[in-house]
Amino acid sequence: MSLTVIAQRMGNTSFQRLVTGLVLSTLLVGCSSTKSSNVRVVDRNGAAAQRPAVTTGQYVVRPGDTLFSIAFRYGWDYKALAARNNIPTPYTIHPGQTIRFDGRTGSTPTAVVSNSSSSPSSSSKTTVIRRQANGTTTTTVTGSGAGSAGAAPSVANKPAPAPLPPPGPAPTGWGWPSNGILIGKFSSNGSLNKGIDIAGDLGQPVLAASDGTVVYAGSGLRGYGELVIIKHSETYVSAYGHNRRLLVREGQQVKVGQTIAEMGSTGTDRVKLHFEIRRQGKPVDPLQFLPRR
């Protein structure tokens, strides 16, 4: 049936509405068929939030902490944090010791919270230390198992640390930390992934990406599960998170390709390896160092 006959039977007004509807339908179909190759998909599954380095307050060392784990947690280079707190090599710290971030020694009040949720301890105790104008510090403990507040000696004045030297060359011979599909990529955006995520099977071997020394092996960093941190040089460290079981200990020397853990899902909702490389404490894209595959 021709459009002229349809128009005669429907009347001009109804015919115009019909034509308008057909035109709009054609436009909508065209839009829906547009290719979506330019749409960016971001895997936010289990990605640890990237935060800037903490530059205020202080932290009270808890059992299981190391200087490397504290520096990693708060976005510091371990050498800079050691220098700020006059901690010599081999960077030994003790429970109850105060680690300062701000470097301030005046009477400006500062408040610091050490939360046990980022440590392996099962206690929910939180320690709050407030620096008073008279130079003393007041310690308050809250939560289950909390004790009474008391006074602590003032923190000794510490000189500002010397500037860090320029980054040294990256270690050579990097290798992939595990086989599997890449399901999460590095993002420089502070709210997204600061490493890469590799899918795999439960118990699959996790490998050292380069030669180095294990400086942390534990579950004290919230969001990483069972974690291994390897120091490769004075500039570079790598981290391996969400493992099922750790096969190395702190202080152990490892070689590239050596099995250091078993892949798992601790601290996340699926089996995967979260892998990071940090240069002077700052996350960098691991894909810039790993061989192409």
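This is a predicted model, so every value here is computed, not measured.

1. Let's talk about the overall build of the chain
Helices and strands together make up the secondary structure of the chain, namely four helices and 16 strands. In the chain, buried positions account for 42% of the 293 residues. A total accessible area of about 15600 Å² is found for the chain, and carbon and sulfur atoms account for 55% of it.

2. Considering the pattern of salt bridges
A full pass over the atoms with the stated rule returns eight salt bridges. Residue Asp77 pairs with Lys79 through a salt bridge whose shortest N-O separation is 3.3 Å. By relative accessible area, which is 16% here, Lys79 ends up buried. Among the ionic pairs, Glu262 bridges to Arg245, the shortest N-O distance being 2.8 Å. Here Arg245 lies in strand β12 (residues 236-246) and Glu262 lies in strand β14 (residues 259-263), a separation of 17 residues in the sequence. For Glu262, a relative accessible area of 13% translates into the label buried. Look at Arg245 and you get partly exposed, because its relative accessible area is 44%.

3. Digging into the nonpolar core
The biggest cluster of nonpolar side chains holds 26 residues, and the ones touching the most others in it are Ile70, Leu81, Ile99, Phe101 and Ile229. Elements that contribute at least two residues to this core include exactly α3 (67-73), α4 (78-84), β10 (212-218), β11 (226-231) and β12. By residue number, the principal contributor to this core is α3, which donates five residues. By size, the runner-up hydrophobic cluster in this structure holds 23 residues, among which are Ile230, Ala261, Met263 and Ile277.

4. Let's talk about the packing of aromatic side chains
Taken as a whole and judged by the stated rule, the model has 10 aromatic pairs. Connected via pairs of aromatic rings, a cluster forms that spans Tyr59, Tyr74, Trp76 and Phe101. The ring centre of Tyr78 lies 4.9 Å from the NZ or CZ of Lys79, which sits over that ring. We note Arg278 situated over the ring of Phe72; from NZ or CZ to the ring centre the distance is 3.7 Å.

5. Considering the pairing of strand β15 (residues 272-279)
In terms of burial, β15 is a largely internal element, seven of the eight residues being buried. In this sheet, β15 lies alongside strand β8 (residues 196-199) in antiparallel orientation, the contact comprising four bridges. Along β15, the bridge assignment pairs Ile196 with Phe275. Examined bridge by bridge, β12 and β15 share six bridges and lie antiparallel to one another. The residue bridging Ala239 from the neighbouring strand is Glu276, located in β15.

6. A few points about the confidence of the model for the chain
Summarising the model, the chain shows a mean pLDDT of 74, and 58% of its residues fall at 70 or more. Confidence drops under a pLDDT of 50 for residues 27-50, and excluding neighbours within four residues, the segment shows 29 contacts in the predicted structure. Every residue in residues 105-162 is under pLDDT 50, and counting partners more than four places away or in other chains gives 101 contacts.

7. Side note on the pairing of β11
For β11, a buried count of five out of six residues is recorded, marking the element as mostly surrounded by other parts of the structure. Bridging between β10 and β11 involves five bridges; their strand directions are antiparallel. Note on β11: the bridge partner recorded for Thr213 is Lys231. Across five bridges, β11 lies against β12 in antiparallel orientation. Bridge pairing in β12 places Val228 opposite Tyr240. Connecting the antiparallel pair β11 and β12 is a turn made up of four residues.

Calculation rules
- Once a new chain begins, its residue numbering starts again from 1 and follows that chain's sequence as written.
- Owing to the predicted nature of the model, reporting of local features is limited to residues with pLDDT of at least 70; listing and counting of side-chain atom pairs is limited to 80 or more, with chain, interface and lining totals taken over all residues.
- Side-chain numbers here rest on the full set of heavy atoms in the structure, without hydrogens or water.
- Strands are runs of DSSP state E lasting at least two residues, helices are runs of H or I lasting at least four, and both sets are numbered from the N terminus onward.
- Exposure classes here rest on a 1.4 Å probe applied to the protein chains alone. A residue is buried below 20% of its type maximum, exposed above 50%, and partly exposed in between.
- Accessible surface area values rest on a Shrake-Rupley calculation with a 1.4 Å probe, where residue burial reflects the displayed protein chains alone.
- A carboxyl oxygen of Asp or Glu within 4 Å of a side-chain nitrogen of Lys or Arg is what we treat as a salt bridge.
- Among buried residues, those of type Ala, Val, Leu, Ile, Met, Phe, Trp, Tyr and Cys that are joined through side-chain atoms within 4.5 Å constitute a nonpolar core.
- When two rings of Phe, Tyr or Trp (its six-membered ring) have centres within 6.5 Å they constitute a pair, described as stacked for plane angles under 30 degrees, edge-to-face for angles over 60, and tilted for the intermediate range.
- For a ring to carry a charge above it, either NZ of a lysine or CZ of an arginine must fall within 6 Å of the ring centroid while also lying within 35 degrees of the normal to the ring plane.
- Pairing between strands requires that DSSP locate at least two bridges from one strand to the other.
- One number per residue, pLDDT, summarises how confident the predictor is, and it ranges from 0 to 100.
- Whether two residues are in contact is decided by their heavy atoms: any pair within 4.5 Å suffices.

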